[in-house]
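Residue strings, one per chain:
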Amino acid sequence: MIGAMTYDQLVAFLAVAGEGTFTAASAALHKSQPAVSKLVRNLEDELGLQLFDREQYRATLTDAGRLFHDRAASVIESSEALKTFAKQLAGKIEPIVRLAVEAVTPLAPVMQILRGAQERYPTVRIELTTERLSGAAHALREGRADLAAATKLGIDTAKLELAHFRTVRIVPVARGDHPLAGLRGPAPRALLRTHAQIVLADSAQAADAPSLNVLKGGMQWRVTDVAAKKEVILAGMGWGGLPEHVVADELASGTLVALEVPEFEAGVMELYAMRRRDRAHGVVASVLWEELKGSGMVAAEAATPKGRRGKVHRASNGVEKRTVARPTSSSGSRSKGRKGR
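These numbers were taken from a predicted model, which means no experiment stands behind them.

Rules behind the numbers
- Residues numbered from 1 in each chain as written.
- Predicted model: local features only at pLDDT ≥ 70, side-chain atom pairs only at ≥ 80, totals over all residues.
- Heavy atoms only, no water.
- pLDDT = per-residue confidence, 0-100.
- Contact = heavy atoms within 4.5 Å.
- Helix = DSSP H or I, 4+ residues; strand = E, 2+ residues; numbered from the N terminus.
- Patch = residues over 30% accessible without salt bridge, like charges linked within 9 Å, V, L, I, M, F, W, Y side chains within 5 Å.
- Areas by Shrake-Rupley, 256 points an atom, 1.4 Å probe, with all protein chains shown as cover.
- Salt bridge = Lys/Arg side-chain N within 4 Å of Asp/Glu carboxyl O.
- Buried < 20%, exposed > 50% of the residue type's maximum accessible area, 1.4 Å probe, protein only.
- Expected span 1.5 Å × (residues − 1).
- Arc of directions from axis to C-beta.
- Phe/Tyr/Trp six-rings, centres within 6.5 Å; stacked < 30°, edge-to-face > 60°.
- Pairing = 2+ DSSP bridges.
- Right-handed = clockwise from strand over helix to strand, strands pointing away.

Draft legend 1. Highlighting the confidence of the model for the chain. With 84% of its residues at a pLDDT of 70 or more, the chain has an overall mean of 83. Taken as a whole, residues 307-341 scores under 50 in pLDDT and shows 92 contacts with residues more than four places along the chain or in a different chain.

Draft legend 2. Region of the structure containing the environment of Val-214. Within the secondary structure, Val-214 sits in the loop between strand E7 (197-200) and strand E8 (220-223). A sequence separation of 51 residues divides Val-214 from Glu-265, and the C-alpha atoms of the two residues are 8.6 Å apart. Ignoring sequence-local partners within four residues, the contact set of Val-214 consists of Gln-197, Val-199 and Gln-220.

Draft legend 3. Geometry of a nonpolar patch on the surface. Taken together, the side chains of Leu-107, Met-111 and Leu-128 present a nonpolar region at the surface, about 220 Å² in accessible area. When you line up the elements, Leu-128 lands in strand E4 (residues 125-131).

Draft legend 4. Expanded view of unusual backbone geometry. Its identity is not glycine, yet His-30 carries a phi of approximately 60°, on the positive side. Looking at the element boundaries, His-30 is found in the loop between helix H2 (22-29) and helix H3 (33-47). With relative accessibility at 65%, the residue His-30 sits in the exposed group. Residues other than glycine seldom take positive phi values, yet Leu-133 does so here, at roughly 55°. Here Leu-133 falls in the buried class, since its relative accessible area comes to 3%.

Draft legend 5. Structural detail: the pattern of salt bridges. For the structure on display, the rule yields 16 salt bridges. Across the salt bridge formed by Lys-293 and Glu-290, the nearest N and O atoms sit 3.7 Å from each other. Here Lys-293 and its partner Glu-290 are both found in helix H10 (residues 283-303), three residues apart, which amounts to about one turn of the helix. Assessed through its relative accessible area of 25%, Lys-293 is described here as partly exposed.

Draft legend 6. Layout of H3. With 15 residues, H3 should cover 21 Å at 1.5 Å per step; its first-to-last C-alpha distance of 21 Å lies within 8% of that length. Every buried residue belonging to H3 is among Val-36, Leu-39, Val-40, Leu-43 and Glu-44, and all of these are buried. For H3, the arc enclosing every buried residue in end-on projection is 130°, short of the 170-degree limit, so these residues lie on one face. Along H3, exposed side chains directed more than 90 degrees from the buried face belong to Pro-34, Lys-38 and Asp-45. Following H3 by one or two positions, Gly-48 has its phi on the positive side, about 70°.

Draft legend 7. The packing of aromatic side chains, seen in detail. With the rule as written, the count across this model stands at four aromatic pairs. Ring geometry for Phe-13 and Phe-52: centres 5.5 Å apart, planes at 55°, overall tilted. Note that Phe-13 is positioned in helix H1 (residues 7-19) and Phe-52 in strand E1 (residues 52-53), a separation of 39 residues in sequence. Given the relative accessible area of 0%, Phe-13 is considered buried. Relative to Phe-52, the ring of Phe-22 has its centre 5.9 Å away and its plane inclined at 65°; by these criteria the two rings are edge-to-face. Taken as a pair, Phe-22 in helix H2 and Phe-52 in strand E1 lie far apart in primary sequence, 30 residues in all. The same class applies to Phe-22 as to Phe-52, namely buried. Ring pairing ties together the aromatic residues Phe-13, Phe-22, Phe-52 and Phe-68, which thus form one cluster.

Draft legend 8. Spatial organisation of the pairing of strand E3 (residues 96-102). Burial analysis of E3 places five of its seven residues in the buried class, the great majority of the element. As judged from the seven bridges shared by E3 and E4, these two strands associate in the parallel manner. Residue pairing in the sheet places Val-97 in a bridge with Ile-126 of E4. Note on the crossover from E3 through helix H5 (residues 107-120) to E4: the handedness is right-handed. Sheet topology note: the E3/strand E5 (residues 147-150) ladder contains three bridges and is parallel. Bridge assignment links Ala-100 to a residue of E5, and that residue is Ala-148.

Below you can see the structure in the form of structure tokens.
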């Protein structure tokens, strides 16, 4: 560092800039607000600059603060990368690695990666948690996870390193004898709202937690995991979107029937491997990160045959919606487009 400027001062400065208030920054850093304020004030004194305009409710960066911010972020990122490299050189194996995955994530490729890590590092404890919607990314942000496989829904990705992991198609379904199952073509809005929609609650539990493919004004049942959601729908008690890989057998047997719900915002969920840029990563976490990235690249290459690339549209909530040309049946009719979670 230059002069008396310290690593902790830069971290505190970036936290306040990112969180918007000294109170929020102190919570994120697990420090008292006076301690964070003192770190930032000492940094400003050392630089001879006013980095924040404190006249407003939110801690707003000054012009000098904005210019300084990008350089400070680069320094911290480089410092964390250097820490990670040093740990790898020293061969220090962390005792616990925590991975949070979105509830719709196909677990088979994740288990393959974790099995390899277990064989290579048998003394390391792996903690795997399942979250919903923005929950996995929030676990990463709050320090409850070292790595995540999650959507970008409702999160600020500026502090995260991302690599595409999987594309999960979401199919709205109902049991074969449900009143909605006999529909041909798009389901009428009014009719959908007379039947309970089974939805996943966001595990982030924030007041502004986002929702996805939830019809406003209709009947709703909220559940906390994909397995429960599927069981409720299989019981004929409602309808809802489920990952294609979860309902493939039931759709093939006719136990569940796919619905056409044009109002759904996303026909696919794009999942990304994520880790924080501003933290050092242990040896095992770094290995898992490379494995997650590599698995995503292999899956992307194998997923879409030539001629069926389709187009990707980004919805206003940041979730991608993919439109893919579908094959026609032997009778020449095109299969229904299935959308939604």
